[in-house]
Amino acid sequence: MVVGDVATGTELAVVGAGPGGYVAAIRAAQLGVDTTLIEKDELGGTCLNVGCIPSKALIHATNVGYEADTAEEMGIHADVKVDMEQMVDWKDGVVDQLTSGVEKLCKANGVNIVHGRAEFAGENRLRVAHGGEGQGSETIEFEQCVVATGSRPIEIPGFAYDDDPVLDSTQLLALEQVPRSLVVVGGGYIGMELSTILAKMGCDVTVVEMMDDILPGYEEDVKRVVRKRAEELGVDFYFGQAAKGWERADDAGIVVTTENEDGEESTFDAEKAFVAVGRQPVLDTLNLDAAGLEPNEQGRLETDHTGETNVDGIFAIGDVAPGPQLAHKASKEGQVVAEVVAGEPAAMDYQAVPAAVFTDPEIATVGLTQAEAEEEGFTPAVGKFPFSASGRALTTNDHEGFVRIVADGDSGFILGAQIVGPEASELIAELGLAVEMGATLEDIAATIHTHPTLSEGVMEAAEHALGHAIHTLNR
Ligand SMILES: Cc1cc2nc3c(=O)[nH]c(=O)nc-3n(C[C@H](O)[C@H](O)[C@H](O)COP(=O)(O)OP(=O)(O)OC[C@H]3O[C@@H](n4cnc5c(N)ncnc54)[C@H](O)[C@@H]3O)c2cc1C
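Thresholds, definitions, all that
Residues numbered from 1 in each chain as written. Predicted model: local features only at pLDDT ≥ 70, side-chain atom pairs only at ≥ 80, totals over all residues. Heavy atoms only, no water. Helix = DSSP H or I, 4+ residues; strand = E, 2+ residues; numbered from the N terminus. Rg over C-alpha atoms; globule rule 2.2 N^0.38 Å. Buried < 20%, exposed > 50% of the residue type's maximum accessible area, 1.4 Å probe, protein only. Contact = heavy atoms within 4.5 Å. Areas by Shrake-Rupley, 256 points an atom, 1.4 Å probe, with all protein chains shown as cover. Lys, Arg positive; Asp, Glu negative; His and termini not counted. Charge placed at Lys NZ, Arg CZ, Asp CG, Glu CD. Domains from an automatic or database assignment. Buried area = accessible area lost by both parts, 1.4 Å probe. Salt bridge = Lys/Arg side-chain N within 4 Å of Asp/Glu carboxyl O. Polar contact = N/O pair within 3.5 Å; in protein donor to acceptor, adjacent residues only side chain to side chain. Pairing = 2+ DSSP bridges. Near = heavy atom within 4 Å. Nonpolar A, V, L, I, M, F, W, Y, C, P; charged D, E, K, R; others polar. Core = buried A, V, L, I, M, F, W, Y, C linked by side-chain atoms within 4.5 Å. Phe/Tyr/Trp six-rings, centres within 6.5 Å; stacked < 30°, edge-to-face > 60°. Lys NZ or Arg CZ within 6 Å of the ring centre and 35° of its normal. Axes fitted to C-alpha atoms, helices over the stretch in contact; angles between N-to-C directions. Left-handed = near helix turned anticlockwise from the far one by under 90°.

Our next topic: the overall build of the protein. When its secondary structure is counted, the protein shows 13 helices and 22 strands. Compactness check: the protein gives a C-alpha radius of gyration of 24 Å against a globular reference of 23 Å for 475 residues, within 12% of the reference. With the C-alpha coordinates of the protein rotated into their principal frame, the extents come out at 75 × 65 × 45 Å. Relative to its 475 residues, the protein shows a buried fraction of 51%. Here the contacts in the protein between residues at least 6 apart in sequence split such that 60% fall between residues at least 24 apart. When the accessible surface of the protein is split by element, carbon and sulfur atoms take 48% of a total near 22100 Å². Once the 29 positive and 82 negative side-chain charges of the protein are each reduced to a mean point, those two points are 3 Å apart.

With that settled, consider the domain arrangement of the protein. Frequently, the measure chosen for interface size is the accessible area that the parts lose on association. Split into domains, the protein comes out as domain 1 (7–153 + 280–342), domain 2 (166–277) and domain 3 (354–466). When each unit is reduced to the centre of its C-alpha atoms, the spacing between domain 1 and domain 3 is 31 Å. Facing the six residues of domain 1 at the interface are four residues of domain 3. Summing the contributions of domain 1 and of domain 3, the shared interface buries around 490 Å²; its carbon and sulfur component is 59%. When the buried area of domain 1 at its contact with domain 3 is split by residue, Lys-56, Met-74 and His-328 rank highest and sum to 53% of it. Run the count over domain 1 and domain 3 and you get zero salt bridges. The interface formed by domain 1 and domain 3 holds two residue pairs in polar contact (both at pLDDT 80 or more) in total.

This next bit is on the pairing of strand S21 (residues 402–408). By the criterion of burial, S21 is predominantly enclosed, with seven of the seven residues buried. The alternating pattern of S21 places Phe-402, Arg-404, Val-406 and Asp-408 on one face and Val-403, Ile-405 and Ala-407 on the opposite face, and all of these are buried. As paired strands, strand S20 (residues 380–386) and S21 are joined by seven bridges and run antiparallel to one another. If you follow Lys-384 over to S21, its bridge partner there is Arg-404. Examined bridge by bridge, S21 and strand S22 (residues 414–421) share six bridges and lie antiparallel to one another. Paired with Ile-405 across the two strands is Ala-417, which belongs to S22. Taking the residues that link successive antiparallel strands as the turn, the S21-S22 hairpin has five residues, and the phi of Gly-412 there is positive, at about 80 degrees.

Right, let's talk about the site of the ligand for a bit. Taken together, 40 residues sit near the ligand, with Gly-20, Glu-39, Thr-46, Lys-56 and Ala-327 positioned nearest. In this structure, Glu-39 approaches the ligand through a side-chain N or O atom, which is 2.6 Å from an oxygen atom. Ala-327 has a polar backbone atom sitting 2.8 Å from an oxygen atom of the ligand. Secondary structure elements with two or more residues in the shell around the ligand: strand S2 (35–39), helix H2 (45–50), helix H3 (52–69), strand S4 (117–122), helix H6 (189–200) and helix H8 (327–341). For the shell around the ligand, the element with the highest residue contribution is H2, accounting for four residues. The residue makeup of the shell around the ligand, split by class, is 16 nonpolar, 16 polar and eight charged. When we break the shell around the ligand down by domain, the ones giving at least three residues each are domain 1 (7–153 + 280–342) and domain 2 (166–277).

Right, let's talk about the environment of Asp-34 for a bit. Here Asp-34 is to be found in the loop between helix H1 (21–30) and S2. Sequence separation between Asp-34 and Thr-267 is 233 residues, and the spatial gap between their C-alpha atoms is 57 Å. Excluding residues within four positions of it along the chain, Asp-34 makes contact with Gly-9, Thr-10, Glu-11 and Leu-12.

A word on the nonpolar core. Ranked by internal contacts, the top residues of the largest apolar core, which has 39 residues, are Leu-172, Val-205, Leu-215 and Ile-363. Sorting elements by how many residues they give to this core places H6 first, with five residues. Setting aside residues up to four positions removed in sequence, Ile-363 forms contacts with Leu-215, Tyr-218, Val-222, Val-226, Ala-355, Ala-356, Val-357, Ile-419, Val-420 and Ala-424. Listed in part, the 30 residues of the second largest apolar core include Val-23, Ala-25, Val-33 and Ile-113.

For Ser-331, the position within the fold is in helix H8. Classification of Ser-331 as buried rests on a relative accessible area of 18%. Beyond its immediate sequence surroundings of up to four residues, Ser-331 is in contact with Pro-19, Gly-20 and Val-23.

Our focus in this paragraph is the packing of aromatic side chains. Enumeration according to the criterion identifies three aromatic pairs in this entry. Plain terms: the ring middles of Phe-120 and Phe-142 are 6.2 Å apart, the flat faces sit at 75 degrees to each other, and that makes the pair edge-to-face. Within this pair, whereas Phe-120 is found in strand S4, its partner Phe-142 is found in strand S6 (residues 137–147), the two being separated by 22 residues in sequence. Residue placement shows Lys-384 over the ring face of Phe-402; its charged tip is 4.1 Å from the ring centre.

Further remarks concern the packing of H3 against H6. Helix-helix packing is described using two parameters, namely the angle between the two axes and the distance between the axes. Close contact between H3 and H6 brings their axes to 9 Å; oriented N to C, the two are set at 30 degrees. Judged by the sense of rotation from one axis to the other, the crossing of H3 with H6 is left-handed. In contact with Ser-55, Lys-56, Leu-58, Ile-59, Thr-62, Asn-63 and Tyr-66 of H3, H6 contributes Glu-193, Leu-194, Ile-197 and Lys-200. For the contact of H3 with H6, the residue count by class is five nonpolar, three polar and three charged.

Strand order in the open sheet formed by five strands is S8-S15-S9-S10-S11, with parallel pairing between adjacent strands. Lying at the two open borders of the sheet, with one neighbouring strand each, are strand S8 (166–167) and strand S11 (236–239). Two strands pair when backbone bridges link them, and strand S10 (residues 204–209) and S11 are joined in this way by four bridges, in the parallel orientation. Across the sheet, the residue bridging to Glu-209 is Phe-239, located in S11. Sitting on the sheet, H6 is in contact with strand S9 (181–185), S10, S11 and strand S15 (272–275), with an inclination near 165 degrees to S10.

Quick look at the structure:
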């Protein structure tokens, strides 16, 4: 401790106010734990400020314009003009509303908010630098601590984000003008979501990807629907291409060089490059040694089923902990650790973590795929329903994709589902509940679904797995 620096004490210190940290802090405070939440930037973290919310706001706004512009078949002849500056202002307004909401909720629940950058100064001590001239620092002693410092975009050699034409997702989401053309390095979910909206805004998009397909981890028939649609929107894909470097071109553009496995080089011209090769946990600035913490090989903090690290009383949640880097996974972990800290018998259960990709159409999954179910020793019963057979999908002129349900062939218990198609991110909730509560195919088939809705497709897929679908052939 610095001489003259008096430490303040708290029962629980939460470092990072993203969807993991602020949820943990609110829940702990609700349970009567004296809680201090420390944040170096804006409350809400990546998700609210530069991730889920701004990207989905821009995706929605773009879709409104794009749908109006392409609805001639339905007799709508619109002359759409996009004011990008205004769209970005609107998106920023949504972000401001949500981040100020987080502050109000924290205060109303009695969470003590400290603004500054925290690092460990011992096993039960944090040093918080307030930043800015003359702002000083303080020491906070804690009984228990939650590390929720999230992640940042991975930078690849030769593509520093402080060089203007090279953008990370934060910079891309803040652009006030649509680039004429863009090389997207990486066809993961962030690369694909943002490629789709830029293509709809008239940008000429080229995706270069090191692997042999987009969206690693998703099944081929799911990806095919999204890739085909992206190609229809004008996105060009080049697979097996590792980005190597870039240089400025004469016409104020950029030339990106890639290399394939055989060492052959290719070049791609564009106005800007967007690098979306994944996100790495933010742990390097925390002085972990002082607390006896050490990241694993993936740069994350290993935790047990309660979220506790190898150091008693120190927990890790969200993007710094193992598992998918998703906001709702971070928030659920936040709730669990808060309850554990408060002495409640809570634990994490990862069997029903849904994931959504907000491309056109959307993808959403939960639980096991058919291949995973087989690997785990099940003999799965699989049912599928195409949106082309859905009355509701046809009335909205959006009928690409399908619902697939994977169940245990013996008991009928729902093991997982994959949806690609309109509103997939909403439809998956019913199947997440089914996995979580141990519902069966019969439960879903017996549930009367509103007509005409997309959710009828979930019922039809369950009926298909049982061999008695009405609106698709049972084979
Ligand atoms: C473009 C984009 C789109 C996304 N879309 C989705 C989506 O649709 N759905 C979804 O589920 N997920 C999405 N994500 C991922 C999601 O944003 C993250 O998984 C989620 O934000 C992780 O939450 P977290 O609480 O672990 O960390 P974060 O949200 O990253 O928050 C960590 C916080 O800790 C603070 N911090 C870091 N170090 C310190 C320190 N030393 N002292 C004090 N504070 C510190 C940071 O400033 C930050 O506010 C998206 C991400 C991006 C980039």
